[in-house]
Amino acid sequence: MGVVLSVVTALALRCLVAKASVLSLLAIVPFPSNYSSVGWSRGLELVPAGLLALKHINDTPEVLKGHTLELVVKEGEGCGASVVVKDIYSLYQELQVVGGRNVVGVVGLPCSTPAGALSKLAGHVGLDVIQISGSSSPALSDRVKYPRLYRVASSVGIVDSIISFMKDAKWKRISIYNDEQGLYFKTIAQLLVNAVRNDTEMKLGNEGGGLTAQTDVPSVEKILNVTSSIQNKIKVIIGTEHQCSVFLCAAYKRKRTWPDYVYILPDRDVKELLNTDVCDAQTMMKAVEGVFTVNVALSAANDSVLISGKTYQEYRLEYLQELSAYSERTGYPLDSNDNIYVNSLYDEVWSFALALNSSLHVLDARNLSLENFRFNSGQISDILEEALQKLEFQGASGRISFKNNRQPITSFSMHQIVSGRAVLVATYNGSLTITENFSLVHLPPDSISIDRVYILDPLWLMIIIVCICGLSLILLVFNAALLIRYRNGHDIKASSPSLSLLMFVGCILLDASVLAFTFRNMYTISNEVFSVILCNAEVWSLSLGTNLIINTLFVRLFRVYRLFQPNNFKKAGRMCRDEMLVIYILLLTTYSVLVLLIWAVSDLYQMQEEVVLVYASDATTPYFSVEQHCGCRYETLWLSLLFLLSAVLTLGVVLLAVLTRHIKRSHFKDTKKVNICIFTSILALTTLLTLWRLFDAIELHSWAHLTLSVAVLFVPMACQVTLYVPKTVPYLCCPALHSARTIKSQQSSLYRL
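The structure contained in this document is the topic of the report that follows. Along every chain, residues carry numbers that run from 1 in the direction the sequence is written. At least 70 in pLDDT is required for a residue's local features to be given in this predicted model, at least 80 for side-chain atom pairs to be given and counted, and no such filter applies to totals for whole chains, interfaces and linings, which use all residues. Water and hydrogen atoms were dropped before computing side-chain values, which therefore reflect all heavy atoms in the structure.

Moving on: unusual backbone geometry. In terms of backbone geometry, most residues other than glycine have negative phi values and most peptide bonds are trans. In the segment running from tryptophan 258 into proline 259, the intervening peptide bond is cis, with an omega of 10°. In this structure, leucine 109 takes a positive phi of about 45° despite not being glycine. Within the secondary structure layout, leucine 109 lies in the loop between β4 (103-108) and α4 (112-119). Summary of the burial criterion: residues with accessible area below 20% of their type's maximum are buried, those above 50% are exposed, and those between are partly exposed, where the area comes from a 1.4 Å probe applied to protein chains only. Residue classification places leucine 109 among the buried positions, given a relative accessible area of 3%. If you check the backbone angles, asparagine 367 has positive phi at about 60° while not being a glycine. By the criteria applied, helices consist of DSSP H or I runs no shorter than four residues and strands consist of E runs no shorter than two, each listed in order from the N terminus. Structurally, asparagine 367 can be placed in the loop between α13 (342-365) and α14 (378-388).

See below:
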């Protein structure tokens, strides 16, 4: 395919005798054989339009009198190519020095990456030639980088057309995914991201990227499984036809299709999407249903009279005939029913012809001639550029003008794919016009409002949590039984058994809250009364369990602190007996009970219907559902009030633990155990809660639930292991200690810890 195709129209050859010289235009277009992996490569379908332009030009006596035009076709890289194999200087040397052709300009270049690579070399000393490109990439608008590049269309307005359509549709949230390598795709994506950022009414779901040359269905499925991707319904996919097809196939597998989700694809057409092997034809037909495409409108109205004097409809008929003949001559199976760049080459050739024609008298006045034009003829290029900037005519792709700082007048069309056909739904030319084929009524919302993430835990997770809860409860029962059995033992009696029993109750309630939470996440509760009981049992057990443990630790440490204040032992002792401490603990717990009662009366915590994002263990992807879930109007407020006192007392416990850590009285040696319990719990809870937030952020929801459950269960486990196991196990191992320590306990202090 690297063989050069030199195409000269038969009409040009017939006129060669009558006209004095032949002027060549170099057409660089991607050939279809070797570039399927890099995107669009249907450049040969443009060539018949250029040949037709030559025929019309050479048929017009008043244009380029004494000269004739020919088209020399060279193979260029396909759209998305990362490397441009042959530079434009080599092409010119091959054509002008070796082939002897008088090349006066370059046309074609429909792909942004090759156009950018070739055009930034032109316009400098030694290679001063004008190019008129079919590429519409905004990245090619830089006049400093591309000093001799002109274009018949620009995609700068494609961003405005997307934003205008979204606003008319009342869509404010948008997710953008683009190819991270192609110049055109990156430029359009960045322009769109900037436009959304600068619009105070709109919000970005993500900021582009995500697609590469290696993009496949599994990688897109990972993107689609991200919560923000599920929530945001409007997605703009900016990439090659392969990347777009992969994305749509993966979305179809996840049932994220129209009308539930909206996909907008700039610069893509239905034929490209359907002619891929990413998924089978029937699946692809369903995947593209409802997809919107936005393209530069490179076609005039059917009754428009073109610069050639032909109507657009007449031109199209002639083009199809020329296409058929060209396909037979070259052996390429060509079809341009949906090739939007075809008309651009027709207008590029006409633009050069008109500019050359306008320059003839200026060249004569300066004793210059087009016959002597070479690729380093900067003076002639300047004259041609002045003529180009004055041009304005009706072309096949629309109104052609280079007056506005080289920015062409460009319209855009938006189509929706319906039953495999592209239906025009809107046009944009500075303002959006919705066609009669489309209605803005009953469009999907731009996002799903998630009331909460609902995790249906897998069975293995429930088994682990139940086992941990069971271990904690066994340890509780073991310690409680020994505590009651050996309640008159010295170490046990000195540790205030009544306070220990209150702490045991708190530990049991915390275990119960974890079991209730796990059960509720495993099964859907249909009975209304039972669901209300379960919801409130969870919050009551969690609150009261936490309060009883923290209140008990606070009161015990506060007693020790008061007793060992200077000259305060006897005075504090009367207020720090066990029965008084129990009253203090119950009074502190009363706060939580009152808050819970007011909450239950004024704003009952019960099952409510909510839109939830469900993560189920037996499903391959999260899904949205209307579920019954525990909730109330002011849930955050009530929970804040409920744990306010516990938070304050926790700080108090830490402070008292620090203040009492150096006490070394024999009857108060348990203080060190209490301090170990407190500091171990604080460190473990901080670590586990950090892991919980981390797992939740990276959407490992089952692990997040497990980590949170372990964090709650760690408190009762730490209390049992550090405070009670060292006291009760010796009695179990050596019952003889009981009688000896009972006698010793009668001599112990009244003020026990």
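Next comes the rest of the description.
So, on to the packing of aromatic side chains. Any pair of Phe, Tyr and Trp rings, taking the six-membered ring for Trp, is counted once the centres come within 6.5 Å. Such a pair is stacked with planes under 30 degrees apart, edge-to-face with planes over 60 apart, and tilted for the rest. Within this structure, the stated rule accounts for 13 aromatic pairs. With centroids separated by 5.9 Å and ring planes inclined at 70°, the aromatic side chains of phenylalanine 165 and tryptophan 171 adopt a geometry described as edge-to-face. In this pair, the class of phenylalanine 165 matches that of tryptophan 171, namely buried. For the ring pair tryptophan 599 and tryptophan 638, a centre distance of 6.1 Å and an interplane angle of 10° mean the geometry is stacked. One end of the pair, tryptophan 599, is in helix α20 (residues 578-602); the other, tryptophan 638, is in helix α21 (residues 635-642), and 39 residues separate them in sequence. An aromatic cluster is present here, built from Phe165, Trp171, Trp258, Phe292 and Phe438 joined pairwise through their rings. Charges are assigned to positions over rings by a cutoff of 6 Å between ring centre and Lys NZ or Arg CZ, combined with an angular limit of 35 degrees from the ring normal. Between lysine 233 and the ring centre of tyrosine 261, over which it is positioned, the NZ or CZ distance is 5.9 Å.

Turning next to the state of the cysteines. Criterion for a disulfide: a pair of cysteine sulfur atoms at a distance within 2.5 Å. All chains considered together, the criterion is met by one disulfide. With a sulfur-sulfur separation of 2.0 Å, cysteine 249 is cross-linked through a disulfide to cysteine 279. Judged by the sign of its S-S torsion, about -55°, the cystine formed by cysteine 249 and cysteine 279 is left-handed. In this pair, cysteine 249 sits in helix α9 (residues 241-253) while cysteine 279 sits in the loop between α10 (270-274) and α11 (281-287), placing the two residues 30 residues apart along the sequence. Assigned by exposure class, cysteine 249 and cysteine 279 land together as buried.

What counts as a salt bridge is simple: a side-chain nitrogen of Lys or Arg found within 4 Å of a carboxyl oxygen of Asp or Glu. On inspection of all chains with the given rule, the structure shows seven salt bridges. A salt bridge links arginine 148 to glutamate 385, with the nearest nitrogen and oxygen atoms 2.4 Å apart. Linking arginine 148 in the loop between β5 (131-133) and β6 (149-151) with glutamate 385 in helix α14, this pair joins segments that are 237 residues apart in sequence. On the basis of relative accessible area, glutamate 385 is assigned to the buried category, the value being 10%. As a salt-bridge pair, lysine 167 and aspartate 199 come within 2.5 Å of each other at their nearest N and O atoms. Remark: aspartate 199 occurs in the loop between α6 (183-198) and β8 (203-204) and lysine 167 occurs in helix α5 (residues 156-168); sequence separation between them is 32 residues. Overall, aspartate 199 belongs to the buried group, its relative accessible area being 14%. Put simply, Arg148, Asp382 and Glu385 are held in one network by salt bridges that share partners.

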